[in-house]
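# Notes for the structure review
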Amino acid sequence: MDDVVDALMLCGFDPLAKGEVFNISNDCAQEEVVNSISTALNVPAPRLRMPESLLRFVAVIFSGMKAFPVSRSRINALVARTRYPSDKLKRVLGYQPTRDVKETIVEVFSNDDEL
């Protein structure tokens with residue numbers, strides 16, 4: 001949240017931002033997010049991995065079972081590679097996020113009892 005506020009303040013007051021559209025992002029891999037959450041919760045990170053094609057096959061076979069936790073839409077969400085590059089924000093306004101996503105996730109989960 002700190003990085004977002006900093007970027008928004010910069011966009012709001014820097015004349016170079018006028019009329020421009022920027023992505024505010026600090027991308028990291030989904031695996032890093034999951035591992036950070038595991039670390040914060042003091043539980044082992046998931047180790048089981050399955051090939052996508054096998055998992056899609058299993059999802060089709062069990063698609064008639066409503067309680068089965070794997071579906072095509074869930075697989076699509078897990079394997080999607082969406083990026084929101086913020087290089088224009090850096091190039092035009094010199095903005096660089098200051099918070100590491102992995103460390104911030106651990107911090108947020110560690111302070112969960114205070115929320």
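All of the points below concern the structure found in this document. (Residues numbered from 1 in each chain as written. Predicted model: local features only at pLDDT ≥ 70, side-chain atom pairs only at ≥ 80, totals over all residues. Heavy atoms only, no water.)

### Points about the overall build of the protein chain
Scanning the protein chain from N- to C-terminus turns up six helices and zero strands. Put simply, the protein chain runs from its N terminus to its C terminus through helices and strands in the order α-α-α-α-α-α. Computed over the C-alpha atoms, the radius of gyration of the protein chain is 19 Å, more than 25% above the 13 Å expected from 2.2 N^0.38 for a compact globule of 115 residues. Its C-alpha atoms give the protein chain principal-axis dimensions of roughly 55 × 35 × 20 Å. For the protein chain, with 115 residues in total, the buried portion stands at 14%. Residue pairs at least 24 apart in sequence account for 65% of intrachain contacts in the protein chain once pairs closer than 6 positions are excluded. Taken as a whole, the protein chain presents about 9100 Å² of accessible surface, with 58% of it coming from carbon and sulfur. Both charge centroids of the protein chain, one from 14 positive and one from 16 negative side chains, sit 12 Å from each other. (Helix = DSSP H or I, 4+ residues; strand = E, 2+ residues; numbered from the N terminus. Rg over C-alpha atoms; globule rule 2.2 N^0.38 Å. Buried < 20%, exposed > 50% of the residue type's maximum accessible area, 1.4 Å probe, protein only. Contact = heavy atoms within 4.5 Å. Areas by Shrake-Rupley, 256 points an atom, 1.4 Å probe, with all protein chains shown as cover. Lys, Arg positive; Asp, Glu negative; His and termini not counted. Charge placed at Lys NZ, Arg CZ, Asp CG, Glu CD.)

### Here we look at unusual backbone geometry
For Asn-42, which is not a glycine, the phi torsion comes out positive at approximately 55°. By the element assignment, Asn-42 lies in the loop between helix 2 (30-41) and helix 3 (52-61). Look at Asn-42 and you get exposed, because its relative accessible area is 71%.

### Things to note about the packing of helix 3 against helix 4 (residues 72-79)
At a minimum axis separation of 9 Å, helix 3 and helix 4 run at an interaxial angle of 160°. Classed by the angle they form, the pair helix 3 and helix 4 counts as roughly antiparallel. In this structure, helix 3 uses Glu-52, Leu-55, Arg-56 and Ala-59 to contact helix 4, whose residues at the interface are Arg-72, Ile-75, Asn-76 and Val-79. Here the residues of the contact of helix 3 with helix 4 sort into four nonpolar, one polar and three charged. (Axes fitted to C-alpha atoms, helices over the stretch in contact; angles between N-to-C directions. Parallel < 35°, antiparallel > 145°, perpendicular 65-115°, else oblique. Nonpolar A, V, L, I, M, F, W, Y, C, P; charged D, E, K, R; others polar.)

### Comments concerning the layout of surface pockets
Looking at the largest pocket, its volume works out to about 1000 Å³. Only helix 2, helix 3 and helix 4 provide two or more residues apiece to the lining of the largest pocket. In terms of residues, the lining of the largest pocket owes the most to one element, helix 4, which gives five residues. The computed volume of the second largest pocket comes to approximately 440 Å³. Counting residues per element, the lining of the second largest pocket draws most heavily on helix 6 (residues 101-110), at five residues. Of the residues belonging to the lining of the second largest pocket, the class tally is nine nonpolar, four polar and six charged. (1 Å grid on protein atoms, 1.4 Å probe; cavity = no way out; pocket = protein on both sides within 12 Å on 5 of 7 lines; lining within 4 Å. Points joined across faces, edges and corners; volume = space filled by probe spheres on them.)

### Some words on the packing of aromatic side chains
Here the structure, examined in full by the defined rule, presents one aromatic pair. Their ring planes at 20° and their centres at 4.8 Å tell us that Phe-62 and Phe-68 sit as a pair that is stacked. Just above the ring of Phe-22 sits the side chain of Lys-88; from NZ or CZ to the centre is 5.3 Å. (Phe/Tyr/Trp six-rings, centres within 6.5 Å; stacked < 30°, edge-to-face > 60°. Lys NZ or Arg CZ within 6 Å of the ring centre and 35° of its normal.)

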